[in-house]
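Close look at the chain arrangement
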Amino acid sequence: MAASFSHRAAGTLAATAILALTLGTSLALASPALASGPTGAESSRTVRTEAAPPKAWRTEAEPHSSRTGRSIRAARSAQAVRSTQDGKVTSTTVQLELRQDGVLHVREEVVFEGDAPSRDLVARTRYDDRSDRLYQVTGLKGDATLTGETITLKGSGSATLEYDVLGAVTPLADAQELRWYAVGAWSVPVEQARVSVSGPATTQNLSCFAGPLTSAIACTEASMDHTGVAAEFGQQDLGAGEVLTVVVGYPAGATKGAPVLERRFELSNAFTLNAVTGGALAGLLLLLLGGLGLLYWTRGRDARVVGHESGSLSGVENGHFAPPDGVRPGQIGTLMDEQADVIDVTATIVDLAVRGYLRIDEQPRQTYETPDWRLVRMPAAQVASLLPYERELYDAIFDGRDAVLLSELQGSFGAKLGRVREALYRDVVTQGWFARRPDTVRTRWTTLGVVLTGLGVLATVGLAWLTTYGVLGLALIIAGAALAVGGQYMPAKTAKGAGALAHTIGFREYLSSADLGGDVPEAQRVELFSRYLPYAVIFDNVDRWARVVSSVTGNGQQADNLYWYHGPAEWDLSRFADSMRTFTMTTSGAISTTRQFRSL
């Protein structure tokens with residue numbers, strides 16, 4: 001009886017198919033059969049492998065993601081790109097030793113003709129829906145260099161090299177599988193390849209495949225010795241870029257090897273909702289609710305005081321004008337919404353005229369000409385009594401001049417309005433209505449929100465790329481955005497400021513609905529109603545109060561002018577309402593072009 005019983009593949013594919021159908025045998029050898037089958041005289045058993053891996057063993061799918069496919073594409077392209085390289089590998093002998101720690105030690109002896117060839121290692125394959133499998137090659141020594149995933153031989157004629165592979169072992173339910181792409185993707189054809197495998201335990205199954213990397217075509221031969229510890233594989237005529245893959249099964253626990261996995265980025269996995277991420281979202285919800293409660297506590301005081309002290313207030317004491325809490329028109333806007341607005345400056349200009357610091361002269365014009373007004377400095381005015389923001393505005397208007405057209409307020413006027421805005425914010429703190437400047441508080445909280453949003457974007461990208469906790473970064477983005485928006489509402493009034501706000505709202509109610517005229521002496525009506533007008537500008541009630549002012553008569557005749565507003569020839573107070581409406585709109589437009597104040 002011969003020392004070994006072997007079936008050799010026929011020289012052609014047709015003969016191979018006929019032989020396989022005739023035998024009809026399994027290509028995987030179970031270790032119990034090896035234990036009972038061989039005799040002392042039998043040194044080896046050689047079998048033909050199947051065209052596909054046994055179902056009991058794990059097969060790794062072809063990579064589909066772009067990152068996973070680099071190694072695959074590199075191997076596939078070797079034949080197309082490098083097939084023009086002269087020479088060939090006459091023979092390559094590969095010895096694989098699987099150690100108990102799971103490291104696969106590889107020794108290759110390569111005989112070649114022509115220029116020194118190179119081979120592309122398979123460094124990454126698809127493992128599952130979330131991860132790629134890495135094959136880490138280290139410790140290369142001998143007649144070769146390793147650059148990235150490419151081994152290039154040195155010298156001429158022959159080369160010997162050794163290296164270690166980590167990650168080639170896969171633990172299964174009741175076994176372990178060694179899979180390694182032992183020969184191939186060489187840049188030149190390979191005439192004869194031999195691979196021997198030894199491991200720390202008895203071989204239970206074996207298989208091999210030859211051709212393109214994802215080929216299911218069996219290699220030329222596969223065999224194991226009588227002890228079942230060593231296995232040998234062979235293949236002839238591998239084309240450039242083609243691979244000989246060997247698969248060997250061992251008992252469970254034979255080695256400590258395990259796949260080296262790297263999570264693959266996919267949007268479907270990056271934002272997984274689980275106990276951790278769900279808990280984080282719940283925490284964010286509590287944080288937002290707490291922030292709303294804190295916002296109510298700091299700003300809710302305004303609402304409580306307003307509700308307690310609300311009521312209509314006339315702004316008249318002992319027959320003289322006395323606005324609630326001494327609030328000036330320019331201060332009201334900042335007091336009510338914590339913003340210095342264009343309309344606050346417009347109302348202040350009207351107020352300065354009404355109080356005798358300047359006069360507004362409407363300029364004559366033709367029907368289709370743009371209206372214009374001349375602002376005239378009143379020489380007897382006590383400018384030293386002006387509040388700081390009023391003095392800044394007064395100086396910005398005249399800038400050393402005695403009169404200026406509204407249409408000429410440009411250039412340095414716009415730059416100086418910035419100082420008016422700053423003075424307005426300082427003034428509300430000086431009055432004790434705010435503990436800190438509202439614009440500073442808004443900027444601080446908004447900046448913090450923007451920074452938190454930016455950190456959230458970075459955290460989302462990082463967590464989504466490296467883990468499945470990208471939703472935690474989204475939580476930071478949401479919190480940051482909420483803080484940036486909520487920062488606009490963070491300025492809080494003091495108790496004094498809340499009381500002044502309540503009185504101001506009562507004054508607004510009076511201006512919008514009071515029955516005027518009966519209880520005001522005629523001699524005081526022009527001045528009193530004129531003092532109301534700047535506040536009407538703030539409260540968007542100009543038309544009503546302009547008509548009230550224009551209806552004032554001292555002797556039963558329609559007056560031609562007011563002491564603070566002069567019209568052109570043939571103009572009288574019957575046109576004052578239209579003139580005042582146009583003046584406030586034009587002045588607000590001129591101030592808006594400076595971009596120093598918020599436009600409403």
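Residues numbered from 1 in each chain as written. Predicted model: local features only at pLDDT ≥ 70, side-chain atom pairs only at ≥ 80, totals over all residues. Heavy atoms only, no water.

Below, the discussion takes up unusual backbone geometry. Look at D237: it is not a glycine, yet its phi comes out positive at around 55°. Summarising the element assignment, D237 is placed in strand β17 (residues 230–238). D237 gets classed as exposed once you look at its relative accessible area, which sits at 61%. Of note, the phi angle at D399 is positive, near 50°, even though the residue is not glycine. By secondary structure assignment, the location of D399 is in the loop between α8 (388–398) and β24 (403–405). (Helix = DSSP H or I, 4+ residues; strand = E, 2+ residues; numbered from the N terminus. Buried < 20%, exposed > 50% of the residue type's maximum accessible area, 1.4 Å probe, protein only.)

Taken as a whole, this structure holds 1 disulfide when the rule is applied. Across the disulfide, C208 is cross-linked to C219 (sulfur-sulfur distance 1.5 Å). The disulfide joining C208 to C219 has a torsion of about -55° about its S-S bond and is therefore left-handed. With a gap of 11 residues between them, C208 in strand β15 (residues 205–211) and C219 in the loop between β15 and β16 (221–225) connect regions that are remote in the sequence. (Disulfide = S-S within 2.5 Å.)

Attention shifts here to the sheet that holds β15. Taken in spatial order, the 4 strands make up an open sheet running β12-β13-β18-β15, and their pairing is antiparallel. Of all the strands in the sheet, the pair left with one neighbour each is β12 (169–171) and β15. Neighbouring strand axes in the sheet, compared pairwise and without regard to direction, differ in orientation by 15° on average. Bridge count between strand β13 (residues 175–184) and strand β18 (residues 243–251): 9 bridges; the pairing is antiparallel. When the sheet's bridge partners are listed, Q176 is paired in β18 with Y250. (Pairing = 2+ DSSP bridges. Axes fitted to C-alpha atoms, helices over the stretch in contact; angles between N-to-C directions.)

Take the nonpolar core next. Judged by nonpolar contacts, the single largest core of 63 residues is most densely connected at I360, I397, Y532, W564, F576, M580 and F583. M580 has contacts with V350, L533, V542, A546 and W564, leaving out every residue within four places of it along the chain. L98, F112, M224 and A231 belong to the second-largest nonpolar core, a separate cluster that totals 50 residues. (Core = buried A, V, L, I, M, F, W, Y, C linked by side-chain atoms within 4.5 Å. Contact = heavy atoms within 4.5 Å.)

Attention now goes to the sheet that holds strand β10 (residues 150–153). Judged by pairing direction, the sheet is antiparallel, and its 3 strands sit side by side in the order β5-β10-β9 without closing on themselves. In the strand order of this sheet, the two ends are held by β5 (118–120) and β9 (144–147), each with one partner. Strand-to-strand twist of the sheet, defined as the mean angle between neighbouring strand axes without regard to direction, takes the value 20°. Bridge analysis of β9 against β10 gives 4 bridges, and the strand direction is antiparallel. By the bridge assignment, A144 is partnered in β10 with L153.

Mapping N541 onto the fold places it in the loop between α13 (522–538) and α14 (542–550). Only 3.0 Å separates the side chain of N541 from the backbone oxygen of L511, close enough to count as a polar contact. Sequence-distant contacts of N541, that is, excluding residues within four places in its chain, are made with L511, S512 and A536. (Polar contact = N/O pair within 3.5 Å; in protein donor to acceptor, adjacent residues only side chain to side chain.)

Before going further, it helps to spend a moment on the confidence of the model for the chain. Model confidence for the chain is summarised by a mean pLDDT of 78, while 77% of its residues fall at 70 or above. Averaged pLDDT values over the elements of the chain bottom out at 32 in helix α2 (residues 31–36) and peak at 96 in strand β4 (residues 104–113). Low pLDDT, under 50, characterises residues 1–84; the predicted model gives this stretch 155 contacts beyond four residues in sequence or across chains. (pLDDT = per-residue confidence, 0-100.)

This next bit is on a nonpolar patch on the surface. A cluster of nonpolar side chains, L267, F271 and L474, forms an exposed patch at the surface whose accessible area comes to about 270 Å². If you trace the backbone, F271 turns up in the loop between α4 (267–270) and α5 (275–309). (Patch = residues over 30% accessible without salt bridge, like charges linked within 9 Å, V, L, I, M, F, W, Y side chains within 5 Å. Areas by Shrake-Rupley, 256 points an atom, 1.4 Å probe, with all protein chains shown as cover. Salt bridge = Lys/Arg side-chain N within 4 Å of Asp/Glu carboxyl O.)

Each pair of packed helices gets described by two things: the angle between the helix axes and the distance between those axes. It is the contact of helix α7 (residues 342–354) with α8, at a shortest axis distance of 11 Å, that shows an interaxial angle of 85°. With respect to their mutual orientation, α7 and α8 come out roughly perpendicular. Within the contact between the two elements, α7 uses V345, T348, I349, D351 and L352 and α8 uses Y389, E390, L393 and I397. When grouped by side-chain class, the residues that make up the contact of α7 with α8 number 6 nonpolar, 1 polar and 2 charged. (Parallel < 35°, antiparallel > 145°, perpendicular 65-115°, else oblique. Nonpolar A, V, L, I, M, F, W, Y, C, P; charged D, E, K, R; others polar.)

Let's shift gears to the environment of G456. The topology assignment puts G456 in helix α10 (residues 438–466). Classification of G456 by relative accessible area gives buried; the value is 0%. Put simply, G456 and V471 are 15 residues apart on the chain and 10.0 Å apart in space, counted from C-alpha to C-alpha. The residues contacting G456, other than those within four sequence positions of it, are G473, L476 and I477.

Following both chains from N to C, one finds α10 and helix α11 (residues 470–486) inclined at 165°, their axes separated by 7 Å at the closest point. One way to sum up the angle between α10 and α11 is to call them roughly antiparallel. For the element pair α10 and α11, the recorded crossing hand is left-handed. Taken together, the residues that form the contact of α10 with α11 break down as 16 nonpolar, 8 polar and no charged. (Left-handed = near helix turned anticlockwise from the far one by under 90°.)

Another aspect to go through is the packing of aromatic side chains. The full count for this structure, using the stated rule, is 12 aromatic pairs. Residues W373 and F583 carry aromatic rings whose centres are separated by 5.3 Å and whose planes lie at 75° to one another, so their mutual orientation is edge-to-face. With a gap of 210 residues between them, W373 in strand β23 (residues 373–377) and F583 in helix α15 (residues 576–592) connect regions that are remote in the sequence. Taken as a pair, W373 and F583 share a single burial class, namely buried. Grouping aromatic residues by their ring pairs yields a cluster made of F507, Y510, Y532 and Y535. (Phe/Tyr/Trp six-rings, centres within 6.5 Å; stacked < 30°, edge-to-face > 60°.)

This model, assessed by the stated rule, comprises 23 salt bridges. One salt bridge connects R194 with E221, and the closest N-O pair in it is separated by 3.0 Å. With a gap of 27 residues between them, R194 in strand β14 (residues 190–198) and E221 in strand β16 connect regions that are remote in the sequence. Its relative accessible area of 27% is what places R194 among the partly exposed residues. A single network of salt bridges, built from pairs that share partners, joins R328, D351, R355 and E390.

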